[in-house]
Each structure stands twice: as C-alpha cells, then as structure tokens.
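Residue-level structure breakdown
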Amino acid sequence: VALKVDANGASSVLKKALVEEGKIYTYLTGSTQLKLETRSSNFADTKGHWAQSAIDFTVARELFQGTSATTFEPGSNMTRSMVVTVLHRLEDTPAPTSTAQFADVAQGSWYTDAISWANAKGIVQGTNAGFKPNDPVTREQLATILYRYVSSQGLSTSGRGSLSSFSDQA
C-alpha cells in the first residue's frame, strides 16, 4: 500500500493509489514523500477464499475493517450502512456538513457520520421508511449509490453498457 509521509514523519494511507510492480500511481498536488508498505489481513475466514486478494486490497487501504480482529465474514451480505461507510472512508472521512434526518440512524453509531455525509452530498436519500442502515444493499441500490458517488466527484457517468445478460435488467 502507498503511504503519504508528512513533515513530522506521520504517514497516512493513499486510499486512491494503485501500486503495481513497485510503482505508485496516484494523483498528487505539490511535492510529498511517499513510501510503500506491505500490509495483509489476518482474517481466518478469508484464507483461500476466491475474493481474498480483493479483501486484502481494500483492508490495506483502510476501506474495510472486518467484523472482528480475526474475521471478515466474506459470505455475509453488505448492508446499506457498510456501503456508505466505505465511500466515506475512501474520501478520508470528511466531517458531515449537516445531520441526516433519518429516524432509524441513531446518533453516535459507527455509521452516523458516513450516512450524514453521503446524504449531504446527494449520494443517498433513504427510503420511504428511513435509511434502513442494517438492510442488505440490493444490486439496484448499490448501482444507484455508486452512480451518485461518481457524479458527486465531478466524474463522467456517460459510459454505457448492456444489461441484457441480466434476468432482472428492468
């Protein structure tokens, strides 16, 4: 994983950096000191799992943390609050500019700031019954959340692909 080192020697993970064959690819402004560090997760339930390398990639970038110090639960559903929290971490956990007004989002929960941030940025709007933070995210909701996230970053969403191979394309 790539780390940015500040003037005091403290380092922070460059979440949007890619490291390939000892080279770092990232966006930087100005000059900075970078270093590479090998990080791997020690989750007992991801050893040999088909997604182990993707899990290690996201955990090394501090986007995911697992469900405990030794488990990741790769077979579990991802919840709506988990998705928003990952995007919030990808943006280095900015402070929310307002508080999301969802009755089912308790203040002080591990996901409160992430949901408030995403709501203020227009990434999530909730459902007719609140935010539903513990509900599994559906494929349709995930696509919508990611579309809105990309749009909030000022990036193009003009790419198109065929959904014809999906039975639930409608």
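Residues numbered from 1 in each chain as written. Predicted model: local features only at pLDDT ≥ 70, side-chain atom pairs only at ≥ 80, totals over all residues. Heavy atoms only, no water.

1. Considerations on the overall build of the protein chain
What the protein chain contains, in helices and strands, is four helices and five strands. The order of α-helices and β-strands along the protein chain, N terminus first, is β-β-β-β-β-α-α-α-α. Burial analysis of the protein chain (170 residues in total) assigns 29% to the buried set. Pairs at least 24 residues apart make up 58% of the contacts formed inside the protein chain by residues separated by at least 6 positions. For the protein chain, the accessible area works out to roughly 10,900 Å², and carbon and sulfur atoms hold 50% of it. Side-chain charges in the protein chain split into 15 positive and 15 negative, and the spacing between the mean points of these groups amounts to 4 Å. (Helix = DSSP H or I, 4+ residues; strand = E, 2+ residues; numbered from the N terminus. Buried < 20%, exposed > 50% of the residue type's maximum accessible area, 1.4 Å probe, protein only. Contact = heavy atoms within 4.5 Å. Areas by Shrake-Rupley, 256 points an atom, 1.4 Å probe, with all protein chains shown as cover. Lys, Arg positive; Asp, Glu negative; His and termini not counted. Charge placed at Lys NZ, Arg CZ, Asp CG, Glu CD.)

2. Focus: the side chain of His88
The topology assignment puts His88 in helix α2 (residues 80–90). Sequence-distant contacts of His88, that is, excluding residues within four places in its chain, are made with Thr93, Pro94, Asp113, Ala114 and Trp117.

3. Regarding the sheet that holds strand β1 (residues 2–5)
Across the sheet, which stays open at both edges, the three strands sit in the order β2-β1-β5 with antiparallel pairing between neighbours. Both outer strands of the open sheet, β2 (11–13) and β5 (33–36), are each paired with one neighbouring strand and no more. Here the average twist between neighbouring strands, direction ignored, is 35 degrees. (Pairing = 2+ DSSP bridges. Axes fitted to C-alpha atoms, helices over the stretch in contact; angles between N-to-C directions.)

4. Thoughts on the pairing of β1
As paired strands, β1 and β5 are joined by four bridges and run antiparallel to one another. Considered in β5, the bridge of Ala2 is made with Leu36. Looking at chain direction, β1 and β2 are connected through three bridges and run antiparallel. Within β2, the residue paired with Lys4 across the bridge is Ser12. Between the end of β1 and the start of β2, which pair antiparallel, lie five residues, with Gly9 showing a positive phi angle near 90 degrees.

5. A few points about a nonpolar patch on the surface
Taken together, the side chains of Leu18, Tyr25 and Phe57 make up a nonpolar region of the molecular surface, amounting to roughly 270 Å² of accessible area. In this structure Phe57 comes out as partly exposed when scored by relative accessible area, which is 38%. (Patch = residues over 30% accessible without salt bridge, like charges linked within 9 Å, V, L, I, M, F, W, Y side chains within 5 Å. Salt bridge = Lys/Arg side-chain N within 4 Å of Asp/Glu carboxyl O.)

6. Some points on the layout of surface pockets
Size it by volume and the largest pocket reaches roughly 550 Å³. Ranked by residue count, the leading element in the lining of the largest pocket is α2, at four residues. Looking at side-chain class alone, the lining of the largest pocket contains 12 nonpolar, eight polar and two charged residues. Computed from the structure, the second largest pocket encloses a volume of approximately 330 Å³. Every residue lining the second largest pocket is listed: Arg139, Glu140, Ala143, Leu163, Phe166, Asp168, Gln169 and Ala170. Taken together, the residues of the lining of the second largest pocket sort by class into four nonpolar, one polar and three charged. (1 Å grid on protein atoms, 1.4 Å probe; cavity = no way out; pocket = protein on both sides within 12 Å on 5 of 7 lines; lining within 4 Å. Points joined across faces, edges and corners; volume = space filled by probe spheres on them. Nonpolar A, V, L, I, M, F, W, Y, C, P; charged D, E, K, R; others polar.)

7. Quick notes on the confidence of the model for the protein chain
For the protein chain, mean pLDDT is 89; residues scoring 70 or higher make up 100% of the total. Summarising per-element confidence for the protein chain, the mean pLDDT is lowest in strand β3 (residues 18–20) (82) and highest in α2 (96). (pLDDT = per-residue confidence, 0-100.)

8. Re the environment of Asn119
Mapped onto the elements, Asn119 comes out in helix α3 (residues 112–120). Sequence separation between Asn119 and Leu142 is 23 residues; the distance between their C-alpha atoms is 15 Å. Ignoring anything within four residues of it in the chain, the contact list for Asn119 reads Ala100, Phe102, Val124 and Gln125. In this structure the side chain of Asn119 is engaged in a polar contact, spanning 3.0 Å, whose partner is the backbone oxygen of Val124. (Polar contact = N/O pair within 3.5 Å; in protein donor to acceptor, adjacent residues only side chain to side chain.)

9. Regarding the packing of α2 against helix α4 (residues 139–152)
With their axes 11 Å apart at the nearest point, α2 and α4 run at an angle of 20 degrees to one another. With respect to their mutual orientation, α2 and α4 come out roughly parallel. Judged by the twist between their axes, the crossing of α2 over α4 is right-handed. Contacts from Arg80, Val83, Leu87 and Leu90 of α2 reach α4 at Gln141, Leu142, Ile145, Leu146 and Tyr149. Class assignment for the residues of the contact of α2 with α4 results in seven nonpolar, one polar and one charged. (Parallel < 35°, antiparallel > 145°, perpendicular 65-115°, else oblique. Left-handed = near helix turned anticlockwise from the far one by under 90°.)

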